[in-house]
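Chain by chain, the residues:
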Amino acid sequence: MKETFIKTEELSFSYQAQTENEKIPAVKNLSVEITSGEYVAILGHNGSGKSTFAKLLNLILEPVSGKLFVDGKERTGELTEAELLELRRSVGMVFQNPDNQLVATLVEEDVAFGPENLGYPREELRTRVDEALATVGMTEYKDYEPHKLSGGQKQRVAIAGVLAMKPRCIIFDESTAMLDPSGRQEVLSTIRRLNREEGITIINITHYMNEAAEADRILVINDGELLLDGTPDEVFSKRDLLLSVGLEVPQSAELVFRLKEAGIDLPTDALSSPEKCAEAIAKAYFAQCKGGRGNG
Amino acid sequence: MRGMTLGQYYPGTSPIHRLDPRAKIILGILAIVCSFLCKTLFSFCLLEALVLLLVILSGIPPKLLIRALRPVLFILLFTSLVNIFMTRGKNLLFEYGIFHIYEEGLWNALFMILRITSLILMTSIFLTYTTTPIALTDGLEQLLSPLKKLHIPVHDFAMMITIAMRFIPTLAEETERIMNAQRARGVNFSTGGLIKRVRSLIPILIPLFVSAFNRAFDLANAMECRCYHGGEGRTRLKVLRYNVWDFVAILLLIGVGVGLVFANRLTFGGSIL
């Protein structure tokens, strides 16, 4: 049994409406537990509060009510600056637009930005930057200017910038949404490697079903509330519920559901990857063949 | 736009490229002082020799350097005309109606041209051509860091300049994209009078500002996530270090300045020469 890394208790947040004193609730009493080393995807349509929820986890936004525990310590309430910095060091975040999160004019200086802020001595900075760039495979670009890189490369630099702070957990806030398919693959395989090889807890906020299918666990957030929590197999078996909140299942799973609707008897409890879907269809096909032979 | 590099930096490894940016800022200031010290043709000759030496040392193609002079061409022309026609001296060379041209006026014009051109050439060799903008900002920050004691936010200013430089190419790309989008809707940017052209900029500026603000919010979040909390307790990956040559260069240029003062006193036959 692995230890809990992030735990929220009844966490809520509301945005100030622009005109009146009215408040718009974005996250409503969310209680979630994420264990160390887990790969969690958070699904939700636009405006569901999933990004807001993520920003609460490293206190970029301050919750209105509820409690946040990270690494066993309560992080809500009065925090000293050192505690806040420690929280942000251990829970890093990569955003959607790669252009808006790179600070420095050279790749390696940008990667050094986080550790520089934390005040590490220069030799330490050097090793951290070199290691982080090597982990994301961008070492040869260390003297480049960020605007000369592709979207996927920029996003990998942004990941390196977070990695250089040696975080325990990285939150990806729709980090692949603005990338082309090859850039998306670059980032996704980096995320996978960080989770498997470095043991970093991953929280990937996305609205791509295929991306969510890669996670160990999916949280579906709708209207600021937790709608579903389970493995990809469990979540994708509830297609109608997902459709009702503006989400869909991966295309291969959709195919299985359509076949089922057409009257073919198919299992729908394990549809998180195209392989599993193909397996389900193949099983049904052979079952029917056998049945056919039995009759004849 | 994608291939655009910032400033006029000319990559290289010349002795001037290798000087510390702080030293180069000081050298740039000394170069300005030197060009104002010159008063006689002889000292100007020395100054031009220095400029020539710097051009050769820096290894920057003269073509590029001439480009640096282009923006001041008008000022050069204007000041020399003013000098030629307005200077009153003893030696009248030419007279036509209200126009009087004296020998002193011609000399003044020549000196002014030499002074401005060598000033610009030397500062651009020391600063813009051989130093990257980011190194220049770093140099300026560290050179001015004693002012932190007077509660002047030196780090914050340097950070702002760095971020501004980081976003110039991004915003340039964005501007082009917006212009293309507006062109596709039939906006014409290249014809019409001044007022019409300025007006056609409005549909570019508004989306550009909106997106710049959004970028600023995003960047602020990203910086907070990466533990930014001002300049206090911040270390740097790259720290500037003076070496012997920086001091040698500064001393040499001070020497040149002193030499120029003495050169001004040398008179050949009592004339301005």
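Quick notes on the rules
- The residue numbering used here restarts from 1 in each chain and proceeds along that chain's sequence as written.
- Written order decides the labels, with chains lettered from A and ligands numbered from 1.
- This being a predicted model, a pLDDT of at least 70 is required before a residue's local features are given, and a value of 80 or more before pairs of side-chain atoms are given or counted; all residues contribute to the totals for chains, interfaces and linings.
- Under the DSSP-based scheme used, a helix requires at least four consecutive residues in state H or I and a strand at least two consecutive residues in state E, with every element numbered from the N terminus.
- Whether a residue is buried, exposed or partly exposed follows from its count of other C-beta atoms within 10 Å of its own C-beta, namely 20 or more, 12 or fewer, or something in between, respectively; the C-beta atoms are built from the backbone.
- Contact between residues is assigned whenever the C-beta positions, reconstructed from backbone atoms, fall within 7 Å.
- With C-alpha atoms as the basis for the radius of gyration, the globule rule is written as 2.2 Å multiplied by the number of residues raised to the power 0.38.
- Pairing between strands requires that DSSP locate at least two bridges from one strand to the other.
- Fitting a line to C-alpha atoms yields each axis, with helices limited to the stretch in contact; the angle taken between N-to-C directions then spans 0 to 180 degrees.
- Annotation comment: domain bounds sourced from an automatic or database domain assignment.
- Polar here means any residue other than Ala, Val, Leu, Ile, Met, Phe, Trp, Tyr, Cys and Pro, which are nonpolar, and Asp, Glu, Lys and Arg, which are charged; Gly is therefore polar.
- Each nonpolar core comprises buried Ala, Val, Leu, Ile, Met, Phe, Trp, Tyr and Cys residues, the members being joined through C-beta atoms within 7 Å.
- Expected span of a helix: the number of residues minus one, times 1.5 Å.
- The term bend refers to the angle at a residue between two fitted axes, each drawn through seven residues, those ending there and those starting there.
- An angle below 35 degrees is treated as roughly parallel, one above 145 as roughly antiparallel, one from 65 to 115 as roughly perpendicular, and anything else as oblique.
- Helix crossings get a hand from a simple test, with the near helix turned counterclockwise from the far one by less than a right angle marking a left-handed crossing and a clockwise turn marking a right-handed one.

Enquirer: I would appreciate a short explanation of the overall build of chain A in the present structure.
Expert: Counting secondary structure elements, chain A contains 11 helices and 10 strands. When the backbone C-alpha atoms are referred to their principal axes, chain A occupies close to 80 × 50 × 40 Å. Counting the 296 residues in chain A, one finds 47% classified as buried. Put simply, of all contacts in chain A between residues at least 6 apart along the chain, 64% involve residues at least 24 apart.

Enquirer: Help me understand the overall build of chain B, please; the structure alone is not making it clear to me.
Expert: Along the backbone of chain B there are 9 helices and 2 strands. Ordering the α and β elements of chain B from the N terminus gives α-α-α-α-β-β-α-α-α-α-α. Relative to the compact-globule value of 19 Å for 273 residues, chain B shows a C-alpha radius of gyration of 24 Å, a clear excess of over 25%. Projecting the C-alpha coordinates of chain B onto the three principal axes gives extents of approximately 70 × 55 × 35 Å.

Enquirer: Explanation requested: the sheet that holds strand 3 (residues 39-43) of chain A in the structure shown.
Expert: Residue and element names in this part refer to chain A. Taking strand neighbours across the sheet as the criterion, the 6 strands line up as 6-7-8-3-9-10 in an open arrangement whose pairing is mixed. The open sheet has two free edges, formed respectively by strand 6 (91-94) and strand 10 (225-230), since each of these has just one partner strand. Shown here is a sheet whose adjacent strand axes are inclined to one another by a mean of 20 degrees, direction ignored.

Enquirer: Any chance you could explain the sheet that holds strand 2 (residues 23-35) of chain A here in plain terms?
Expert: The pairing of strands in a sheet happens through backbone hydrogen bonds and is either parallel or antiparallel. All names here are of chain A. In spatial order, the strands read 2-1-4-5; together these 4 strands make up an open sheet with antiparallel pairing. The strands lining the two open edges of the sheet, one partner per strand, are strand 2 and strand 5 (73-74). Looking at chain direction, strand 1 (residues 4-16) and strand 2 are connected through 9 bridges and run antiparallel. What sits directly across from Ser-14, in strand 2, is Pro-25. Helix 1 (residues 50-57) contacts strand 1, strand 2 and strand 4 (65-70) of the sheet and is inclined by roughly 60 degrees relative to strand 2.

Enquirer: What is the right way to look at the environment of A:Arg258 in this model?
Expert: All names here are of chain A. For Arg-258, the location among the structural elements is in helix 10 (residues 251-261). Overall, the presence of 11 C-beta atoms within 10 Å leaves Arg-258 in the exposed class. With 13 residues separating them along the chain, Arg-258 and Leu-271 place their C-alpha atoms 13 Å apart.

Enquirer: I'm lost on the interface of chain A and chain B in this one. Help?
Expert: How big an interface is tends to be reported as the loss of accessible area on association of its parts. Every contact between the two is made by 36 residues of chain A and, on the other side, 26 residues of chain B. Within the residue set of the side of chain A that touches chain B, elements represented by two or more residues are helix 2 (81-90), strand 6, helix 3 (107-117) and helix 4 (122-135) of chain A. Top contributing element to the side of chain A that touches chain B by residue count: helix 3 of chain A, with 7 residues.

Enquirer: Would you explain the domain arrangement of chain B in this entry?
Expert: Residues and elements named next belong to chain B. Once the domains are mapped, chain B shows domain 1 (21-143 + 240-265) and domain 2 (150-225). For domain 1 and domain 2, the distance between their C-alpha centroids amounts to 35 Å. Of the residues in the side of domain 1 that touches domain 2, the class split is 3 nonpolar, 1 polar and 1 charged.

Enquirer: Can you help me understand the pairing of strand 4 of chain A in this one?
Expert: Note on strand geometry: in a regular strand, side chains alternate between the two faces of the sheet. All names here are of chain A. Note that strand 1 and strand 4 share 5 bridges and pair antiparallel. By the bridge assignment, Lys-7 is partnered in strand 4 with Phe-69. Here strand 4 folds back onto strand 5, and the loop between the two strands holds 2 residues, one of which, Asp-71, carries a positive phi near 55 degrees.

Enquirer: Explain the pairing of strand 3 of chain A here, please?
Expert: Residue and element names in this part refer to chain A. Summarising burial for strand 3: 4 of the 5 residues are buried, a large majority. Note: strand 3 against strand 8 (residues 201-206), 5 bridges, orientation parallel. The residue of strand 8 that forms the bridge with Ile-42 is Ile-205. Across 4 bridges, the pairing between strand 3 and strand 9 (residues 217-222) is parallel. Along strand 9, the bridge assignment pairs Leu-43 with Val-220.

Enquirer: Help me out: how do you make sense of the domain arrangement of chain A in this one?
Expert: Residues and elements named next belong to chain A. Domain boundaries assigned for chain A yield domain 1 (4-249) and domain 2 (250-296). Computed from C-alpha coordinates alone, the two centres of domain 1 and domain 2 are separated by 36 Å. In this complex, domain 1 contributes 10 residues to the contact, which on the side of domain 2 involves 10 residues. Within the residue set of the side of domain 1 that touches domain 2, elements represented by two or more residues are helix 7 (209-213) and helix 8 (232-236). Along the lines of polarity and charge, the residues of the side of domain 1 that touches domain 2 split into 5 nonpolar, 2 polar and 3 charged.

Enquirer: What am I meant to see in the nonpolar core here?
Expert: Most often, soluble globular proteins keep nonpolar side chains buried together rather than apart. Within the largest apolar cluster, 85 residues are counted, with the highest numbers of intra-cluster contacts made by A:Val111, A:Ala160, A:Ile170, A:Ile171 and A:Ile203. With 6 residues, the single largest contributor to this core is helix 5 (residues 151-163) of chain A. Among all residues touching A:Val111, those that are not within four sequence positions of it are A:Val129, A:Ala132, A:Leu133, A:Val157, A:Ala160, A:Gly161 and A:Ala164. Core analysis: the second largest hydrophobic core is formed by 30 residues, B:Ala23, B:Ile26, B:Ile125 and B:Leu260 among them.

Enquirer: I would appreciate a short explanation of unusual backbone geometry in the present structure.
Expert: Comment: phi is negative for the bulk of residues other than glycine, and the bulk of peptide bonds are trans. The phi torsion at A:Leu59 lies on the positive side, around 55 degrees, for a residue other than glycine. Among the structural elements, A:Leu59 can be located in the loop between helix 1 and strand 4. Notably, B:His151 is not glycine yet its phi reads approximately 65 degrees, a positive angle. By the secondary structure assignment, B:His151 is in the loop between helix 6 (133-144) and helix 7 (154-184).

Enquirer: When you look at helix 7 of chain B in this model, what are you seeing that I'm missing?
Expert: Structurally, the α-helix is built with 3.6 residues per turn, so residues lying three or four positions apart point the same way. Residue and element names in this part refer to chain B. In this model helix 7 runs 44 Å from its N-terminal to its C-terminal C-alpha over 31 residues, within 8% of the 45 Å that 1.5 Å per residue would give. The largest bend along helix 7 reaches roughly 35 degrees and is located at Ile-168, with the proline Pro-169 sitting one to four residues downstream. Regarding helix 7, the residues found buried are Val-154, Arg-166, Phe-167 and Pro-169. Here the buried face of helix 7 lies against helix 6. Looking one or two residues past helix 7, Gly-186 carries a phi angle of roughly 95 degrees, positive in sign.

Enquirer: Explanation requested: the packing of helix 7 of chain B against helix 8 (residues 194-225) of chain B in the structure shown.
Expert: Between two packed helices, what matters for the description is the angle formed by their axes and the separation of those axes. Residue and element names in this part refer to chain B. Viewed as axis vectors pointing N to C, helix 7 and helix 8 meet at an angle of 135 degrees, and their least axial separation amounts to 10 Å. Our classification of the angle between helix 7 and helix 8 gives oblique. Two packed elements cross with a definite hand, and for helix 7 against helix 8 that hand is right-handed. Seen from helix 7, the contacting residues are Leu-171, Glu-174, Thr-175, Ile-178, Met-179 and Gln-182; seen from helix 8, they are Pro-203, Ile-204, Pro-207, Leu-208, Ser-211 and Ala-212. Among the residues forming the contact of helix 7 with helix 8, the class breakdown is 8 nonpolar, 3 polar and 1 charged.

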